Amino acid sequence: MAEFEIELGRTAKWASELEGLHGELRQQKGRVESVARKLKFKGDYVGVDIALGKTASNLGKLQTQMKQYGGMLGNIVKAYKGAESAIVAKVTPAMKIENAVNEAGDLVLSLMSEFGIAGSTASALIKFLGGAADGIDAKDILSLIKGANGQVGKIAKVLGKEAKDRNWADAFFGTFSKSMWEKLDVKPNASLLTKWKAAFKDQLSLEDYIPEVGKNGKVTTASKVQVASKYIGAAISFALTALDNKEEQGGVMNGRAWEETIVETGVSAVEGAVIGSTVAALIGGAPVVVVGAATVGVTWAVDMGYKALTGSEDGIIEDASDWICDHVVEPVGKAVGNWAKSTWDSVTNFFSGNKQKPAYSGAW
């Protein structure tokens, strides 16, 4: 069965832009016609008024086309919204319950991942086996590899410590032996801002991407394995996001798909760091594993609340990424591209001996 999907916000934006072009072309057409009328009875400009008249006619045709295209996109948005509303109206209580169960299941699996190697391994296997029922694809394989890679990194992290400092119970079942404030080396009576800053730095975990030098002045094998697993995990996460965006773009990894992949990766990291550090600053006296589980719960609640308030199906990260791409990345990219082209043209004209001034492009 064929599928048809559009992004309503972006399509409505294009419809509005086409309507705007219609208005601009109408103004330019009026200006050209005005100049043509002024030149009509001036002997030095015989024929120019006719050429300008043809130009005005062509602008009029473009103006009509822009209005038609804008109207067409507007009608598509209306039709899609109407169909969506009709489908939503037919959603039965059983379907709502099924959706709620799926959402709750995702939350439980995410919470399990916080409970050390045992919990995250169980979560990864359940997700993989659940997806296998509908057929295994590249994303399922990559997710499983990412999970296994993460466990290798956790084991290497424990092995990299002194024998007396290795706590296998915490590694396998989550860190219950120390509070978040102990992990962050922050005093319980420190200011909330101090706790938040320490937690934010910990959430970003940038030091995990740098090999640790041992007492002999050399990087240990365990540290190399741990750091390698971090980079591999980040690469797989990026690849999974890229595959999702490729599907959104109709199976084509075009410029827009790359834009969204990069922006979504950044937005997701910032969201995780902000929520995680806020939760840690507020309840950091609890064991590390409890703070991690609470962070998962708060993140889930924020996303569900956003969907409920806005009616979005994609969630806050996807929508925020789309907004940044539409209103920041693409306009800036276009402006930089135009500047680069203008600079290149000026340089090439200079060296080719073409010293002509640029043609006037202002309004008549």
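Residues numbered from 1 in each chain as written. Predicted model: local features only at pLDDT ≥ 70, side-chain atom pairs only at ≥ 80, totals over all residues. Heavy atoms only, no water.

Turning next to the environment of W196. Here W196 lies in helix α8 (residues 192–204). When the C-alpha positions of W196 and G284 are compared, they lie 9.7 Å apart, and in sequence the two are 88 residues distant. If near-sequence neighbours (up to four positions away) are discounted, W196 is found in contact with V274, S277, T278 and A281. At 3.1 Å, the side chain of W196 forms a polar contact with the side chain of T278. (Helix = DSSP H or I, 4+ residues; strand = E, 2+ residues; numbered from the N terminus. Contact = heavy atoms within 4.5 Å. Polar contact = N/O pair within 3.5 Å; in protein donor to acceptor, adjacent residues only side chain to side chain.)

Among the structural elements, Q151 can be located in helix α5 (residues 138–159). Relative accessible area serves as the criterion here: at 11%, Q151 is assigned to the buried category. At 3.0 Å, the side chain of Q151 and the side chain of S120 are in polar contact. When near neighbours in sequence (up to four residues on either side) are disregarded, Q151 contacts I117, S120 and T121. (Buried < 20%, exposed > 50% of the residue type's maximum accessible area, 1.4 Å probe, protein only.)

A separate point is α5. With 22 residues, α5 extends 32 Å from end C-alpha to end C-alpha; this agrees with the ideal 32 Å at 1.5 Å per step. Residues of α5 that are buried: D140, G147, N149, Q151, G153, A156 and V158. Residues of α5 that are buried sit in contact with α4 (116–132), α6 (168–173) and α9 (221–248). N-cap assignment for α5: the residue whose side-chain oxygen lies 3.2 Å from the backbone N of K139 is D137. (Expected span 1.5 Å × (residues − 1).)

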